[in-house]
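So the chains spell out like this:
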Amino acid sequence: MTSPVLAAPRVVREPARDEDSGAWSAGFSVTITGDEPVFAGHYPDFPIFPGVCVMECVRRAAEAVMPPGAEGARLAAVESCRFLTAVHPGDELGIELSWSPRGEDWRCAARVETERGRAASIRLRYRREDPA
Amino acid sequence: MITTEGVRAALPHRYPMLLVDRVTELGPDAIRAIKAVTVNEPWYARLGPRATREDLAYPDFLLIESWTQTAGLLAKRLAGDGVEGQVMLFGSMSDVGFHRRVLPGDTVEHHVRLERAVNDTMIFEGGSRVDGEPVLTVGRVTVAFRPGERPGADTPDPHPGVVSRTGGR
Amino acid sequence: MTIDAVTGLDREELRELLAETIDADVAEIRDGADFVESLGVDSLMALEVVVVLERRYGIKFAETEMRSVRTLESTYDLLCQKLRECS
């Protein structure tokens, strides 16, 4: 699927299994530069990185470190997403995410921070399209 | 019915992020609008010489943005003039399900219903269809109006979330 | 484990529902913890809690009643009363 966001997340903490919770977690950093195409229209003289684009950054990070056993699973839903502070051109997003199984599905829970504090908390739900 | 020029006057969004083409129905607490998807969407500009069907699937998070802009039109109408110049914030969303790919040539029909409104906070729900088939379901999106703040203004944004300025152009 | 005899309302289930809705850990939702003061619930989240409760328990809050959705305790009592009214 084509993405409206140019920025690619960089791994800053390699994915690893968390001893007690068994979750598969990793850390990422994403630089949102002024030449993201969305800023031209969101908004012409008031550039704010759209919330759905923050979600897109989380999704790209999540899909870069799918946990063992979740390969082939696709995004089925946004379970919940809360936006707390705005993201502006030039911001650096820190993303802490963790994958955990939910029955047959997988949940990716992520916290997104900028240097001004928490920007968003997001929970994505992934499901394997069984061929049946 | 709000025409395209009406949509453009009501929303501060502009190319490439103005994602509502026309409002087809506008009731006291519900709205329907359409967004046509063409092979010329700006996002496809980066595709290589050969594109797969998957490459041409419309970005699903932009379906959410298109739906929330439709909700924004209803929110502005419900809030009336009291919020002129205020900022409309999308604070949160939950249970947003994706059901089918949207492809060039599809016309997406959004339907949004107001579930609850208390002073400056509103909660909407609904979904989107193509040819009557559900492509998106939206459990809940919350919207609030806050005094207009511009980035770099000294007062920190209390809760800017996804900001869309309601001030007239 | 408190389950209301008449309405079958389960306090722990309510605690989990509230925790999920306001993005908090279940442990943080102590019986008397005030949603606004100690759990940082703002007007946006408060309305979400109301809508989630209305959908989950099939009831409608009057605006005056919404004000008493402030702690797990007060929410549980209000829900019991409303569920008794229609059971």
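Per an unreviewed UniProt entry, chain C is named Acyl carrier protein, and its organism is Streptomyces calidiresistens.

As annotated in an unreviewed UniProt entry, chain B carries the name Beta-hydroxyacyl-ACP dehydratase and comes from Streptomyces alkaliphilus. Comment text from UniProt for chain B, heading Sequence similarities (unreviewed entry), reads "Belongs to the thioester dehydratase family. FabZ subfamily."

Peer 1: Got a minute to help me understand the UniProt feature "domain: Carrier" (unreviewed entry) in chain C in this structure?
Peer 2: According to UniProt, the "domain: Carrier" (unreviewed entry) feature falls on residues 8–83 of chain C. For the annotated span residues 8–83 of chain C, helix accounts for 55% and strand for 0% of the residues, and the straight-line distance between the end C-alpha atoms is 9 Å.

Peer 1: I'm lost on the interface of chain A and chain C in this one. Help?
Peer 2: Interface extent is often summarised as the accessible area lost during association of the parts. Opposite the four residues of chain A that make contact, chain C presents six residues. Across the chain A to chain C interface the summed buried area is about 410 Å²; carbon plus sulfur atoms make up 22%. Of all residues in chain A, the largest losses of buried area upon contact with chain C belong to A:Arg82, A:Ser121 and A:Arg123, amounting jointly to 87% of the total for that side. Between chain A and chain C we count four salt bridges in total. Where A:Arg82 meets C:Glu48, a salt bridge forms, and the shortest distance between an N and an O atom there is 2.9 Å. Counting every contact that joins chain A to chain C gives four residue pairs in polar contact (both at pLDDT 80 or more). Residue composition of the side of chain A that touches chain C, grouped by class: no nonpolar, two polar and two charged.

Peer 1: It is not clear to me how the pattern of salt bridges should be interpreted in this structure. Could you clarify?
Peer 2: Where charged atoms from two side chains of opposite charge approach closely, those side chains can pair. Scanning all chains against the criterion turns up 38 salt bridges over all chains. The residue C:Arg84 makes a salt bridge to C:Asp4 at a minimum N-O spacing of 2.8 Å. With C:Arg84 in helix α4 (residues 72–86) and C:Asp4 in the segment before α1 (11–21), the pair connects residues that are 80 residues apart, well separated along the chain. By sharing partners, the salt bridges in this structure join A:Glu79, A:Arg82, A:Asp105, A:Arg107, A:Arg123, A:Arg125, A:Arg127, B:Arg140, C:Glu20, C:Asp23 and C:Glu48 into a single network.

Peer 1: I tried to follow the packing of α1(C) against helix α2 (residues 43–57) of chain C on my own but got confused; where do I start?
Peer 2: Packed helix pairs are specified by the crossing angle of their axes together with the interaxial distance, meaning the distance between the axes. All names here are of chain C. In the contact formed by α1 and α2, the axes pass within 10 Å of each other and the chain directions differ by 140 degrees. One finds that α1 runs oblique with respect to α2. In this structure, α1 crosses over α2, and the sense of that crossing is right-handed. Of the residues in α2, those touching α1 at Glu13, Leu14, Leu17, Leu18 and Thr21 are Glu48, Val49, Val52, Leu53, Arg56 and Tyr57. Among the residues making up the contact of α1 with α2, the classes are represented as seven nonpolar, one polar and three charged.

Parameters at a glance
- Residue positions are given per chain, counted from 1 along the sequence in the order it is written.
- Each chain gets a letter, beginning with A, and each ligand a number, beginning with 1, in the order they are written.
- Where local features are concerned, this predicted model is filtered to residues with pLDDT of at least 70; where side-chain atom pairs are given and counted, the filter is 80 or more; whole-chain, interface and lining totals use all residues.
- The basis for the side-chain values is all heavy atoms of the structure; hydrogens and waters are excluded.
- UniProt positions are given in the numbering used here, feature names are shortened, and annotations may be inferred rather than shown by experiment.
- Each helix is a run of DSSP H or I of at least 4 residues and each strand a run of E of at least 2, with the numbering of both proceeding from the N terminus.
- Throughout, a contact is declared for two residues whenever any of their heavy atoms are within 4.5 Å.
- Two parts placed together each lose some accessible area under a 1.4 Å probe, and the buried area is that loss summed for both.
- When a carboxyl oxygen of Asp or Glu is within 4 Å of a side-chain nitrogen of Lys or Arg, the pair counts as a salt bridge.
- Between N or O atoms, a polar contact is any pair within 3.5 Å; within protein, one atom must be a potential hydrogen donor and the other a potential acceptor, and residues adjacent in sequence are included only when both atoms are from side chains.
- Each residue gets one label: Ala, Val, Leu, Ile, Met, Phe, Trp, Tyr, Cys and Pro are nonpolar, Asp, Glu, Lys and Arg are charged, and the others, such as Gly, are polar.
- Between N-to-C directions, angles cover 0 to 180 degrees, with each direction set by a line fitted to C-alpha atoms, over the stretch in contact for helices.
- Small angles under 35 degrees read as roughly parallel and large ones over 145 as roughly antiparallel, with 65 to 115 read as roughly perpendicular and the rest as oblique.
- Two helices crossing with the near one rotated counterclockwise from the far one by less than a right angle form a left-handed crossing, whereas a clockwise rotation gives a right-handed crossing.

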